[in-house]
Structure formats: C-alpha cells, structure tokens
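Next come the chains, spelled out residue by residue.
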Amino acid sequence: MIQKSIPTDLEVARRLTEEILGQARAAGYDEDACFAIRLSLEEALINAIKHGNKFDRSRKVSVSADVGADLTTITVIDEGDGFDPSSVPDPTADENLEKPFGRGIMLMRAYMDEVGYNDRGNKVRMVKHRCSGLPTSVGQSTVHSSGAEPESPCGPSGKTEPARHFRHGPGRQ
Amino acid sequence: MENQAPRLKVIKAGGISVVELLDKKMLDEACIAQIGEELAGMIAEADSIGLVMDFANVEHMSSSALGMLITVHKRIQEKNGQLLLCGIRPSIFEVFKITRLDEIFQIYSGRDEAVAAAAPQGRQYWL
C-alpha cells in the first residue's frame, strides 16, 4: 500500500507513477493492465495538479494506491474547489471532436473498471482489475504475437470484460 | 525552458516533412508544449506543408498530447496542408479510436505509406 502526500509538481507525480507501476509489474500485472493504470494515473495526477491545485506549489496532492493480487485501487485527492464530472461535455460528440482538450476523464473511464468522484469533485477513486485488459480487443498482446502465447493467469485471451463505453461527459482533461 | 533536449527528428524529402517523435512517453506537459511549439514554427515557416508524424518510438501518450495534435492539425489545415500520422502501435491507436480521433486524422501503418499518401502526383508543398 502506497500512501503519499506530494507537492503540486509534475515531476514528483511522475516518480510516484513509476513507483506504483513498479508494484503492479512486481505483482504480475501484464503490459495491458500496466498501460491502463499508467494512462489513468497520469491523467488523474495532471488533473489534480493543473485543474485542481492550479499549479499552486503550496497545495498538496494525496495519493493512495493499493496494488492487490486481483485488483488495484488508486485514489487521488487535490486541494482545489472540485468540479461536477457530469456537467462537462462528451469529447466524442461530433461538435467536440476537434476541441484540443477534455479527454482525460473519458480515457480514465475507458481504461479503468471503476471511476468515481466524491460530491465535491476533488477526489477520484479508480479501480483496475488485473485481468480486465484494454478497452477493446486491439490490445498489444493480440497484435505482436508470434507463435504460442505465454500462459496467462487471466486465461488465453487475457480479457474478461467486453469493451466499455463512455457514459458521462468528462470534466477536466 | 531549461530542459530542451531534442524531441523531434525532422527529415525533409520530396517536398514532405517527416517528423520522428523521439520520446517514448508523450506525457510531460512541458515536453508536449515544446513539441507543439517546434511544429508550429515549422508550419509558420512554410507556405503549405505536408507533414508526416512518425509515432514508432511512442509507447505512452496523454490526452494533452492528443490536444497538441489537434492544434497542429488545425494549423496545417489553415495553410491547406496535410498532416498524416504513422507508426502508431496498437495500444496507442486504441486511444485514438476511443476518442474518435482516428476519424479526424489520416493514419497509416508505415512511414513509406504515409509519405506516399502525402505526396500524390501533382501536389506540391513549399517548404
């Protein structure tokens, strides 16, 4: 279990991301699961630092990560005012497709199995199951395979869930 | 900016600019901004531009990098140019698909294909 309060600093956040990914790899999470955790954690930390704490170095970001044998739970809390994740536009709507922002939360929801916010909107909790793979069948393991695939604790496909769909518009990037 | 390590390798051939992204991770806001600025400079200098961006080295990218690509795409369109992407590994391509940006960008598997598509007969760019 990692529990840290870090300064509003992207480089410190990046080192913490590497630490959490190191634990996931050591626990046997495959490349797809680690890709999903990295992407979602990066987006959550950037949101906390940029939009939550607004790069104010006097504020902190609290991060906890519980990397278990079957699932990983990550919580990121900033000291900002929070936001309402349901009030923001869907970046995949035709009218928003060419906007250069607003995709971070959507990606978190796509790559993690659960993403939830507190009422204030300054705390995000994300859960990734070890074997839930990537959002669709176009995972790395299905493309680069050459010959027999290594035995996976998640079964032959490494996938246990179908593609997930974005249901709520993202708020921050 | 203190850290100005090269993030792009630019090859100009046949009227096309091929930009190889050198970073494995396009996550850092400052690095993404640096790439965006360098590309903006290239676009500003050209009357029109055919730009191929090769993602072969890129293993991870954030939504901020997607935003930068959209901005670059718009700037190129304003000059009646073309932006083509290539070398995108499946895990990254999935990010484009989920966000529907595969419908906005012209994406090719290999660099040669992208260069050929960027330079159809009769089309010329002024670098």
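The rules we used
Residues numbered from 1 in each chain as written. Chains lettered and ligands numbered in written order. Predicted model: local features only at pLDDT ≥ 70, side-chain atom pairs only at ≥ 80, totals over all residues. Heavy atoms only, no water. Helix = DSSP H or I, 4+ residues; strand = E, 2+ residues; numbered from the N terminus. Buried < 20%, exposed > 50% of the residue type's maximum accessible area, 1.4 Å probe, protein only. Contact = heavy atoms within 4.5 Å. Phe/Tyr/Trp six-rings, centres within 6.5 Å; stacked < 30°, edge-to-face > 60°. Pairing = 2+ DSSP bridges. Axes fitted to C-alpha atoms, helices over the stretch in contact; angles between N-to-C directions. Buried area = accessible area lost by both parts, 1.4 Å probe. Salt bridge = Lys/Arg side-chain N within 4 Å of Asp/Glu carboxyl O. Polar contact = N/O pair within 3.5 Å; in protein donor to acceptor, adjacent residues only side chain to side chain.

Describing the environment of I98 of chain B
No. 1: Along the chain, the position of I98 of chain B falls in helix α3 (residues 90–98).
No. 2: For I98 of chain B, a relative accessible area of 16% puts it in the buried group.
No. 3: If near-sequence neighbours (up to four positions away) are discounted, I98 of chain B is found in contact with T92, M106, L107, A110, Y111 and P135 of chain A.

Regarding the packing of aromatic side chains
Residues and elements named next belong to chain B.
No. 1: If you walk through the whole model with that rule in mind, you get 4 aromatic pairs over all chains.
No. 2: Judged by centre distance (6.3 Å) and plane angle (90°), the rings of F55 and F96 are edge-to-face. Taken together, the residues span a long stretch of sequence, with F55 in the loop between β4 (50–54) and β5 (60–61) and F96 in helix α3 at a distance of 41 residues. F96 matches F55 in its accessibility class, with the two residues each being buried.

Some words on the sheet that holds strand β5 (residues 123–129) of chain A
All names here are of chain A.
No. 1: With respect to topology, 5 strands assemble into an open sheet ordered β1-β2-β3-β5-β4, the strand pairing being antiparallel. One side of each edge strand has no neighbouring strand; the edge strands of this open sheet are β1 (2–7) and β4 (114–117). Across this sheet, the average inter-strand angle for adjacent strands is 15°, counted without regard to direction.
No. 2: With 6 bridges joining them, strand β2 (residues 60–67) and strand β3 (residues 71–77) adopt antiparallel strand pairing. Looking at β3, one finds that V63 is bridged to V76.
No. 3: Here helix α1 (residues 10–26) sits on the sheet in contact with β1, β2 and β3, set at roughly 165° to β1.

Some words on helix α3 (residues 104–111) of chain A
No. 1: Most of α3 of chain A is tucked away: 8 of the 8 residues are buried.
No. 2: For α3 of chain A, the set of buried residues is G104, I105, M106, L107, M108, R109, A110 and Y111 of chain A.
No. 3: Next to the buried residues of α3 of chain A lie α2 (31–52), β4 and β5 of chain A together with α2 (63–78) and α3 of chain B.

Re the interface of chain A and chain B
No. 1: At the interface, 32 residues of chain A touch 29 residues of chain B.
No. 2: Taken together, both faces of the contact between chain A and chain B bury some 2,500 Å²; the carbon and sulfur share is 61%.
No. 3: The largest per-residue losses of area from chain A upon contact with chain B belong to F35, L97 and E98 of chain A, which jointly make up 22% of the total buried on that side.
No. 4: Put simply, chain A and chain B have 4 salt bridges between them.
No. 5: Here chain A and chain B share 8 residue pairs in polar contact (both at pLDDT 80 or more) between them.
No. 6: At the level of elements, α1, α2, α3 and α4 (140–143) of chain A are the ones that each hand at least two residues to the side of chain A that touches chain B.

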